[in-house]
Number of protein chains: 2
Amino acid sequence: MPRQLHLNAFLMTTGHHEASWRLPESDPSAHVDLAHYVRLARTAERGTFDSLFLADGPQLWSSVAQRPAGALEPLTLLTALATATEHIGLIATASTSYNSPYNLARKFASLDIISGGRAGWNIVTTAGAEAARNFGLDAEPAHAERYARAAEFLDVALKLWDSWEDDAIVADKAAGVWGDDAKIHPPRHRGRYFSVEGALNVPRTPQGYPLLVQAGSSEDGKAFAARYAEAVFTAQQTIEDARAFYADLKSRTVREGRDPEHVKVLPGIVPVLGSTEAEARAQEELLEDHIVHRHGVEHLERLLQLPAGSLDLDAELPADLPPESEIEGAKSRYTLVVELARRERLTVRRLIGRLGGGRGHLTFAGTPEQVADAIETWFTQGAADGFNIMPPVLPSGLELFVDHVVPLLRARGLLRTEYGPRTTLRQRYGLPRPANQYVRPAGAPALV
Amino acid sequence: MPRQLHLNAFLMTTGHHEASWRLPESDPSAHVDLAHYVRLARTAERGTFDSLFLADGPQLWSSVAQRPAGALEPLTLLTALATATEHIGLIATASTSYNSPYNLARKFASLDIISGGRAGWNIVTTAGAEAARNFGLDAEPAHAERYARAAEFLDVALKLWDSWEDDAIVADKAAGVWGDDAKIHPPRHRGRYFSVEGALNVPRTPQGYPLLVQAGSSEDGKAFAARYAEAVFTAQQTIEDARAFYADLKSRTVREGRDPEHVKVLPGIVPVLGSTEAEARAQEELLEDHIVHRHGVEHLERLLQLPAGSLDLDAELPADLPPESEIEGAKSRYTLVVELARRERLTVRRLIGRLGGGRGHLTFAGTPEQVADAIETWFTQGAADGFNIMPPVLPSGLELFVDHVVPLLRARGLLRTEYGPRTTLRQRYGLPRPANQYVRPAGAPALV
Ligand SMILES: Cc1cc2nc3c(=O)[nH]c(=O)nc-3n(C[C@H](O)[C@H](O)[C@H](O)COP(=O)(O)O)c2cc1C
Ligand SMILES: Cc1cc2nc3c(=O)[nH]c(=O)nc-3n(C[C@H](O)[C@H](O)[C@H](O)COP(=O)(O)O)c2cc1C
C-alpha cells in the first residue's frame, strides 16, 4: 500500500473563519451544542479521518463581541464524542503551564480507556497573560520557562502512565489478591516544577498513553517535538517553508535517536471549496466581507505585543517590530504573521483578511480537484505527512470536504476507504504501542 | 403530593463491600469497563433515582492487593454516562485541595451543558498525605486549612459560574455582534489561596452551576455545608445519631439565612437483600468470610493515625486513642468508627467485618420490606431526606434494590414512578435555579 495521508478534523464552533458565525446557515449556539459536535464527528468518521482535534486555552479573550466564545472544555466534549463514534481519534489540547500532571494524566488515561485507545493530547504551553492571571500569576511565565516546565511535565506524566504494568491486575479470587503490588511503580518524582510521589489511580490504558501531539514551532517548540511528539500540528504559508520545517523536524527527531517515521507532520489548511474556482473565491470574499476589522486590530496588536491603538488599518506593519527572540508569547506564530505581511506587502486591513480565515494557517480556495492537488503535492514533495483540515464554516465546510475531496484522495490511493481492523489512534498513525519504561524487555539480560 | 424521597446511587466498581470482587458473579475488570457503568446507570434510571454518585481521591492507596483499585476519573466517566442516560443526575466528587478553580469550574460547567442540567459536585477537601504528595506537598494540609481553602474555592467558582449572564449572547449577525461584553463579569478575585482575574470561558449553564453536595461531617464540614451545600452525604450508624445530625444541619442552615428545605440530608445505607431475613444474613456472612483482615488492619491503622502493627485482631481498640480534635484526616469518620467499636465492644476483627461492607455507613441486611421500612422510618422521623444507596455487590445489588425495594417505596407514595417534565437535577431536588450574583433582580431599586 502506498504511503497514506493522515487527516485530522480541527473542529471549532461555526468554523475557523472568524466571521463564519454571521452566515445565514450558522447556528450561533453551536459552541455549546453537543448535537452539532456529534454531527461533525460522524461526518469526519464517514471521511475516515484519523482524528478529531479541539484547541484550547484556559481564558476568555477580552471581548465576546467578535465571534462565538466560551466553549465546552475539550476533554469533556471529546469524552462525550467518544460514546457517539467508533473509530476516530480524539485529540484534546491541554496546557502544561496550567495543569498538574497527576490530574491531567488521569483524565487522559480515563479517556483512552473509555474510547478504547483513541485519545491524543495536543501538548501546549499556553501563551498570554490572560491565562496566567486565571491561575494566580501576574504575568505570563517566560517562553523558555514554559517549555522547561512542559518537558518535566511530560517526564512525570509518562512515569504516571507507566506506573501500572499491563499485567498488574491478577484478580485471583480464591487467594483474595486483586493486584500485584510488585507491578505498581510510584514515580517518586522530585523535580524543579513538580513533586509527584505515588502511582496513578488509573491502570495502564489500551494505548499505554495518549498519542502525544505538539503544536508550537519555535526553536524550543521544535526541540520539544523532536523529543516527545508523535504528531506535530503546524501553520505554514508556503510549500517552501513547509518543506524546510518538515526536514528540520525529521532530522531533529533522528538526532534524538528516534525513527523519523514516528513523528507525523501535519500542517493546517483552510479549504474554501466551490464547484468552480470563481465560486470558491466568491465564498472567500463573502467571508472576508463579514469581518469586523476593529477586533482584528486588537488581536494583531496583542500578537505583535504592541500597545492598543498603534496599528493603522490602511498602512503596512511598522518597520521596527522586535525580533522573535524578544517575544514571550506565541513565537512561531509571530514570525509567520510578520513574514506574511512583509512578503506580500499587506496593509493591516488585508493582513486581517488573510488571518481571519485561519489565523495564520494556509487558506486555499478552489475546486475539490485543486484542493486535492494541493494536498497531494505537499504530501508527495516532503512538506507534510497529512493535514489538519480546518473548515472555514461548520458543519458545511467539513461536509463539502468529505463529500467532494475525500473521494478524490481515495481514488488516488492516498486515503483509506475504511478503518479496517486496527483500532487505536496510534495504530492508525502507524506507530508502535509504547513499551513500559519500568518493564525489562523480554530476553534482556538481568542486571548484575 | 407527599414529601418525596431522594435516592442516589453511589456506584463503586464491583460494589461497596470490600470483598465483593471475590464473588463468582463479579467482573474483576468492572473498574475500567464503561459498559458496566452504563448498565448501572440505566438500572438506576429505571428506579427513578435522582442521581448517580462517584467518590474520588487523587491517589492510589498503598496496596492494590485488597480490592479493585484504579478507576476511571469521575468527571470523565459521568460525562460518558451523560450520553447514555436521559434523566438521572450525575454527581462527581472533586477536591478543593488539589484542583484549581478555573479548571474545575470549566469542567463542571461543560458537564452541566452536555447533560442538559444534570451535573452535581460532591465537594471534598481530601484527607491523607498520599494525595498531598502527588501535588508537590510533603504532608497533608491541616484540616482547618483545607476547609478555609474550600470556602475560598467555592466563592471563586461561584463567581466564575456567574461570570456570564444568562443572556450575554446576542448573536446579532447583521450588526456583527456575537456577545454583549457588558454582561460578562470577570471575577478579579485576589484572595488568600487564589487569584483569578478573568471570566470563565464557558457560558452560564442550564442549572447556573452544578448542584453543590458536601460530604464531611466534622464541625468545619457542617459549617461549610450549612453555607454552601444543597445536599449532604453522611455516614450514620444509628437513627438517634442521624436525627441529631439532621436537626443540627438544618438549624445551622437556618442560621446562615437559608431555607432548611434547600439542603437535603442523605445518609448512606448498604442494603444487603435477601428474600428472607436468613438469606440476607447468609449473604452478609458470605461477604464477611471473604474479607482479608490484613488489609483491614492497615486501613484502620491509617484512619486512627496509629503506627503500623499496633492493632491486635482479637483485641478491642486501644483505650488511649486521641480525641477528634487531634485528627487531621477524616475527622467525622474517625469518631464514627471509634464510637461504633466502643458502643458494641467490637474486637478489631469484628470491627473490620462491620466496616468492610460500607466503610462506616449503615449496613442493613433484610428483606425488601424490612429495608423499605427502615428507609421509611428514617425518612419520616427526621433522620433523612433520602438516601445514598450503596449496594454491597454490583450490578446485582442495585438490580435487587430497583426490582424489589423501589416498587414498595412507590406503592407507599414515597418515590416518583416516573421522572416527569422537570429536567434538571436541581429541579428534582425541589430547589430553585440560583440567581446570578451579578444581576440585579427585576424590580429591585437602582443603586443611588
Ligand atoms: C494547529 C495548531 C493548533 C494549536 N492549538 C493551540 C491551542 O489550542 N492552544 C494553545 O495554547 N496553543 C495552540 N497552538 C500552539 C500555539 O500556536 C503555540 O502556542 C504557539 O505557536 C507558541 O508556540 P511556539 O512559541 O513554540 O511557537 C496551536 C498551534 C497549531 C499549529
Ligand atoms: C457518602 C460519602 C462519600 C464521600 N466521598 C468522599 C470522596 O469521594 N472523597 C473524599 O475525599 N471524601 C469523601 N467523603 C468525605 C470524607 O468522608 C470526608 O473527607 C471526611 O469525613 C472528612 O471530612 P470531615 O473531616 O469534615 O469529617 C465522603 C463522605 C461521605 C459521607
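Everything numeric here is computed off the predicted structure, so don't read it as measured data.

J.: I'm lost on the pattern of salt bridges in this one. Help?
T.: Oppositely charged side chains can pair when the atoms bearing their charge come close. Residues and elements named next belong to chain A. Applying the stated rule across the entire model yields 60 salt bridges over all chains. As a salt-bridge pair, Arg 302 and Glu 130 come within 3.8 Å of each other at their nearest N and O atoms. Of the two residues, Arg 302 is situated in helix α9 (residues 293–303) and Glu 130 in helix α4 (residues 129–133); the sequence distance between them amounts to 172 residues. A relative accessible area of 28% places Arg 302 in the partly exposed class. Looking at Glu 130, the relative accessible area reads 22%, which means it is partly exposed.

J.: Looking at this structure, how should I read helix α7 (residues 239–255) of chain A?
T.: In an α-helix, one turn spans 3.6 residues; hence positions three or four apart end up facing the same way. All names here are of chain A. With 17 residues, α7 extends 24 Å between its outermost C-alpha atoms, agreeing within 8% with the 24 Å of an ideal straight helix rising 1.5 Å per residue. Along α7, the positions that sit buried rather than exposed are Ile 239, Ala 242, Phe 245, Tyr 246, Leu 249, Lys 250, Arg 252 and Thr 253. Looking straight down α7, one finds its buried side chains confined to an arc of 160°; they lie on one side. Exposed and facing more than 90 degrees away from the buried side of α7 are Glu 240 and Arg 255. Just downstream of α7 lies Gly 257, where phi reads positive at about 80°.

J.: Would you explain the site of ligand 2 in this entry?
T.: Residues and elements named next belong to chain B. Ligand 2 sits among 25 residues. The nearest are Asp 56, His 143, Tyr 147, Ser 218 and Ser 332. Ser 218 places a side-chain nitrogen or oxygen 2.5 Å from an oxygen atom of ligand 2. For ligand 2, whose unbound accessible area comes to 610 Å², protein coverage reaches 90%. Secondary structure elements with two or more residues in the shell around ligand 2: β4 (119–124), α5 (143–161), β10 (231–234) and α10 (331–344). A per-element tally of the shell around ligand 2 places α10 first, with three residues. Its residues assigned to classes, the shell around ligand 2 shows nine nonpolar, 13 polar and three charged.

J.: Can you walk me through the UniProt feature "domain: Luciferase-like" (unreviewed entry) in chain A in this structure?
T.: Under the local residue numbering, the UniProt record ascribes the feature "domain: Luciferase-like" (unreviewed entry) to residues 27–383 of chain A. Taken end to end, residues 27–383 of chain A has its terminal C-alpha atoms 35 Å apart, with 41% of it in helix and 14% in strand.

J.: Could you clarify how one ought to interpret the relation of the copies chain B and chain A in this entry?
T.: The second copy of the chain is related to the first by a rotation about an axis and a shift along the axis. For these two chains of identical sequence, chain B goes onto chain A by a turn of 180° and a shift of 0.0 Å along the axis, with RMSD 0.0 Å. This pairing of chains is accounted for by a two-fold axis. Taking C-alpha positions as the reference, the residue of chain B nearest the rotation axis is Ala80(B), at 2.6 Å. Here 100% of the interface residues in chain B have copies in chain A that are interface residues too; the copies meet face to matching face.

J.: In this structure, what is going on with the interface of chain B and chain A? I would like to understand it.
T.: When the parts of a complex come together, some accessible area is lost, and that lost area is often used as the size of the interface. Of the residues lining the interface, 74 residues belong to chain B; the matching set on chain A comes to 74 residues. Summed over both partners, the interface of chain B with chain A comes to about 5600 Å²; 59% of that surface belongs to carbon and sulfur atoms. Between the two partners, chain B and chain A, sit six salt bridges. Among the salt bridges present, the one from Arg190(B) reaches Asp138(A), with a minimum N-O distance of 2.8 Å. Here chain B and chain A share 45 residue pairs in polar contact (both at pLDDT 80 or more) between them. For the side of chain B that touches chain A, the secondary-structure elements that each account for two or more residues are α2 (74–82), α3 (101–114), β5 (169–172), β6 (177–179) and β8 (195–196) of chain B. The greatest single-element share of the side of chain B that touches chain A, amounting to eight residues, is contributed by α3(B).

J.: Please explain the site of ligand 1 as it appears in this structure.
T.: Residues and elements named next belong to chain A. Neighbouring ligand 1 are 25 residues, the closest being Asp 56, His 143, Tyr 147, Ser 218 and Ser 332. Between Ser 217 and ligand 1, the recorded distance is 3.2 Å, taken from a backbone N or O atom to an oxygen atom. Between ligand 1 and Ser 218, the relevant distance is 2.5 Å, taken from an oxygen atom to a side-chain nitrogen or oxygen of the residue. Protein contacts shield 90% of the accessible area of ligand 1, which totals 610 Å² for the unbound molecule. A total of three residues in the shell around ligand 1 trace back to one element, the largest contributor, which is helix α10 (residues 331–343). Grouping the amino acids of the shell around ligand 1 by side-chain chemistry returns nine nonpolar, 13 polar and three charged.

J.: Which parts of the structure should I look at to understand the nonpolar core?
T.: Across soluble globular proteins, you tend to see nonpolar side chains buried next to one another. Among the nonpolar cores identified, the biggest contains 164 residues, and Phe49(A), Trp161(A), Phe401(A), Phe49(B), Trp161(B) and Phe401(B) are the most heavily contacted of them. Dropping the residues within four chain positions of it, Trp161(A) is found in contact with Ala105(A), Phe108(A), Ala109(A), Trp121(A), Leu200(A), Arg204(A), Gly208(A), Tyr209(A), Pro210(A) and Leu212(A). Residues Leu300(B), Leu304(B), Leu311(B) and Val348(B) belong to the second largest nonpolar core, which totals 22 residues.

J.: How should the environment of Leu400(B) be read in this particular structure?
T.: All names here are of chain B. The residue Leu 400 is located in helix α13 (residues 396–411) in this model. When the C-alpha positions of Leu 400 and Pro 271 are compared, they lie 9.5 Å apart, and in sequence the two are 129 residues distant. Beyond its immediate chain neighbours, meaning those up to four positions away, Leu 400 contacts Leu 273 and Val 405.

J.: Even after reading the chapter, I still don't get the UniProt feature "binding site: FMN" (unreviewed entry) in chain A, so can you show me in this structure?
T.: The residues that UniProt annotates with the feature "binding site: FMN" (unreviewed entry) are Asp56(A), Thr93(A), His143(A), Tyr147(A), Ser217(A) and Ser218(A). Within the secondary structure, Asp56(A) is located in the loop between β2 (51–54) and α2 (74–82). Using a relative accessible area of 24% as the deciding quantity, one classes Asp56(A) as partly exposed. What Asp56(A) contacts, discounting residues up to four positions off in sequence, is Pro74(A), Thr93(A) and Arg106(B). Positionally, Thr93(A) belongs in strand β3 (residues 89–95). You can call Thr93(A) buried: its relative accessible area is 3%. Polar side-chain contacts of Thr93(A) include one of 2.7 Å to the backbone oxygen of Leu54(A).

J.: Explain the pairing of β10(B) to me, please; I cannot follow it from the model alone.
T.: Remark: a regular strand shows side chains that alternate across the two faces of the sheet. Residue and element names in this part refer to chain B. Taking every second residue as pointing to the same face, both faces of β10 are buried, with Ala 231 and Phe 233 on one and Val 232 and Thr 234 on the other. Pairing of strand β9 (residues 211–214) with β10, which is carried by two bridges, proceeds in the parallel orientation. Paired with Gln 214 across the bridge in β10 is Val 232. Viewed along the sheet, the connection from β9 through helix α6 (residues 219–228) into β10 turns out right-handed. Where β10 and strand β11 (residues 264–273) come together, four bridges link them in parallel fashion. Residue pairing across strands places Val 232 opposite Val 265, the latter belonging to β11. Assessed by its sense of winding, the connection that carries the chain from β10 through helix α7 (residues 239–255) to β11 is right-handed.

J.: I keep staring at the pairing of strand β5 (residues 169–172) of chain A and nothing clicks. Help me out?
T.: Pairing analysis gives two bridges linking β5(A) to strand β6 (residues 177–179) of chain A, with the strands arranged antiparallel. Along β6(A), the bridge assignment pairs Ile169(A) with Gly179(A).

J.: It is not clear to me how unusual backbone geometry should be interpreted in this structure. Could you clarify?
T.: Excluding glycine, residues mostly carry a negative phi; peptide bonds, for their part, are mostly trans. Residue and element names in this part refer to chain A. The peptide bond linking Leu 394 to Pro 395 adopts the cis configuration, its omega dihedral lying at 5°. Position of Pro 395 among the secondary structure elements: in the loop between β13 (386–389) and α13 (396–411). One non-glycine residue, Arg 345, lies in positive phi territory at about 50°. Of note, Arg 345 is situated in the loop between α10 and α11 (348–358). Arg 345 gets classed as exposed once you look at its relative accessible area, which sits at 61%.

J.: What is the right way to read the packing of α3(B) against α5(B) from this model?
T.: Angle between the axes and distance between the axes: these two values describe a pair of packed helices. All names here are of chain B. Two elements in contact, α3 and α5, have axes whose closest approach is 9 Å; the angle formed by their N-to-C orientations is 50°. Compared by their axis directions, α3 and α5 come out oblique. Of the two possible hands of crossing, α3 and α5 adopt the one that is right-handed. Between α3 and α5, the contacting residues are Pro 101, Tyr 102, Leu 104, Ala 105, Phe 108 and Ala 109 on the first element and Phe 153, Val 156, Leu 160 and Trp 161 on the second. Of the residues belonging to the contact of α3 with α5, the class tally is 10 nonpolar, no polar and no charged.

J.: What is the right way to look at the side chain of Thr43(A) in this model?
T.: All names here are of chain A. Its location among the elements puts Thr 43 in helix α1 (residues 34–46). A polar contact is formed between the side chain of Thr 43 and the backbone oxygen of Arg 39, at a distance of 2.8 Å. For Thr 43, the contacting residues outside a window of four places in its chain are Leu 398, Glu 399 and Val 402.

Conventions adopted
Residues numbered from 1 in each chain as written. Chains lettered and ligands numbered in written order. Predicted model: local features only at pLDDT ≥ 70, side-chain atom pairs only at ≥ 80, totals over all residues. Heavy atoms only, no water. Salt bridge = Lys/Arg side-chain N within 4 Å of Asp/Glu carboxyl O. Helix = DSSP H or I, 4+ residues; strand = E, 2+ residues; numbered from the N terminus. Buried < 20%, exposed > 50% of the residue type's maximum accessible area, 1.4 Å probe, protein only. Expected span 1.5 Å × (residues − 1). Arc of directions from axis to C-beta. Near = heavy atom within 4 Å. Polar contact = N/O pair within 3.5 Å; in protein donor to acceptor, adjacent residues only side chain to side chain. Areas by Shrake-Rupley, 256 points an atom, 1.4 Å probe, with all protein chains shown as cover. Nonpolar A, V, L, I, M, F, W, Y, C, P; charged D, E, K, R; others polar. UniProt positions renumbered as here; feature names shortened; annotations may be inferred. Least-squares fit on C-alpha atoms with pLDDT ≥ 70 in both. Contact = heavy atoms within 4.5 Å. Buried area = accessible area lost by both parts, 1.4 Å probe. Core = buried A, V, L, I, M, F, W, Y, C linked by side-chain atoms within 4.5 Å. Pairing = 2+ DSSP bridges. Right-handed = clockwise from strand over helix to strand, strands pointing away. Axes fitted to C-alpha atoms, helices over the stretch in contact; angles between N-to-C directions. Parallel < 35°, antiparallel > 145°, perpendicular 65-115°, else oblique. Left-handed = near helix turned anticlockwise from the far one by under 90°.

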